[in-house]
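Geometric and topological summary
Read off the chains here:
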Amino acid sequence: MGRRLRRFVNIAAVAVAAASLAAGCFKSVVAYTRYTMAIYNQTSETGSYSRARQIDSYAFYVDTTEWRVASYEDAVNRTITHKTTGEQRSVPDVLGAFNSSKEYSMSVVLQQERSMIVVVNPELKLYAYRSYELPENLESVATKLYMCSWRRTYASSGWVVVNQFYVEPPEENPDEGTDTGTDTDTGTGTDTDTGTGAGDVEGGGAAQMS
């Protein structure tokens, strides 16, 4: 009886240890991700970057292959549109937070497998969106986004930054001078030269970054 009792006690101890280990592993699993982002503004191609001071962010638990943000106005109004049916939704599943005193100033907590995250930048009148797949057991993610008002709509690190109000810069024309001079020989030993030169006209252009 003594051996059987000891064997039972050992088996019970192993079972308790396994249960404790399993419980510990269970506690370490998270079913959400806090997506944080540092957002920087740039208003000219050669200008410096500065931290964004105003950002609105939110997320819908939808797929970007089926849904889109149709305009800047819709982005401001937190409205997305179904690409096929035209259905609209204006109540996000998640609202983000913004704290301008922090470098990673924007944050949004996601709890579903797939999300459409939207960021609105009223300073530059830009908005950006991306599809995001929830990582497994990852409590937080920190990323950066550079929003450039001098660029047309572009893709950056999984984001599409939309510039609805982009204006094409004037083309660079280094030489538009004209010479309409005429030489007249009257046979009297005098040359008459009348001419006009329009000079050089130069306009700036902005090269696009890939």
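Scroll up to find the structure.
Computed from a predicted structure; not experimentally measured.

Focus: the overall build of the chain
Assigned secondary structure in the chain consists of two helices and 16 strands. For the chain, the proportion of its 210 residues judged to be buried stands at 29%. Long-range contacts, defined here as pairs at least 24 residues apart, represent 61% of the contacts in the chain between residues at least 6 apart. Accessible surface, the chain as shown: approximately 13500 Å² in total, 50% of it carbon and sulfur.

A few points about the side chain of Thr81
Topologically, Thr81 is positioned in strand E5 (residues 80-82). Among the polar contacts made by the side chain of Thr81, one reaches the side chain of Gln88 at a distance of 3.3 Å. The contacts of Thr81, once residues within four sequence positions are left out, are Glu66, Trp67, Arg68, Ala70, Asp74, Gly86, Glu87 and Gln88.

Things to note about the sheet that holds strand E14 (residues 159-162)
The six strands lie next to each other as E7-E3-E10-E11-E14-E13, forming an open sheet whose pairing is antiparallel. Two strands close off the open sheet at either side, each with one partner strand: strand E7 (94-95) and strand E13 (154-156). Pairing analysis gives two bridges linking strand E3 (residues 56-60) to E7, with the strands arranged antiparallel. Of the residues in E7, the one forming a bridge with Tyr58 is Leu95.

As for the packing of aromatic side chains
Per the counting criterion, the structure on display carries six aromatic pairs. Taking the centre distance of 6.5 Å and the plane angle of 55 degrees together, the rings of Tyr35 and Trp159 count as tilted. Of this pair, Tyr35 sits in strand E1 (residues 33-42) while Trp159 is found in strand E14, placing the two residues 124 residues apart along the sequence. An identical accessibility class is assigned to Tyr35 and Trp159; each is buried. Between the aromatic rings of Tyr58 and Phe60, the centroid separation amounts to 6.0 Å while the plane-to-plane angle is 90 degrees, which identifies the pairing as edge-to-face. Look at Tyr58 and you get buried, because its relative accessible area is 0%. A relative accessible area of 0% means that Phe60 is categorised as buried.

Cut-offs and rules
- Residues numbered from 1 in each chain as written.
- Predicted model: local features only at pLDDT ≥ 70, side-chain atom pairs only at ≥ 80, totals over all residues.
- Heavy atoms only, no water.
- Helix = DSSP H or I, 4+ residues; strand = E, 2+ residues; numbered from the N terminus.
- Buried < 20%, exposed > 50% of the residue type's maximum accessible area, 1.4 Å probe, protein only.
- Contact = heavy atoms within 4.5 Å.
- Areas by Shrake-Rupley, 256 points an atom, 1.4 Å probe, with all protein chains shown as cover.
- Polar contact = N/O pair within 3.5 Å; in protein donor to acceptor, adjacent residues only side chain to side chain.
- Pairing = 2+ DSSP bridges.
- Phe/Tyr/Trp six-rings, centres within 6.5 Å; stacked < 30°, edge-to-face > 60°.

None of the figures reported here should be taken as evidence of function without further support.
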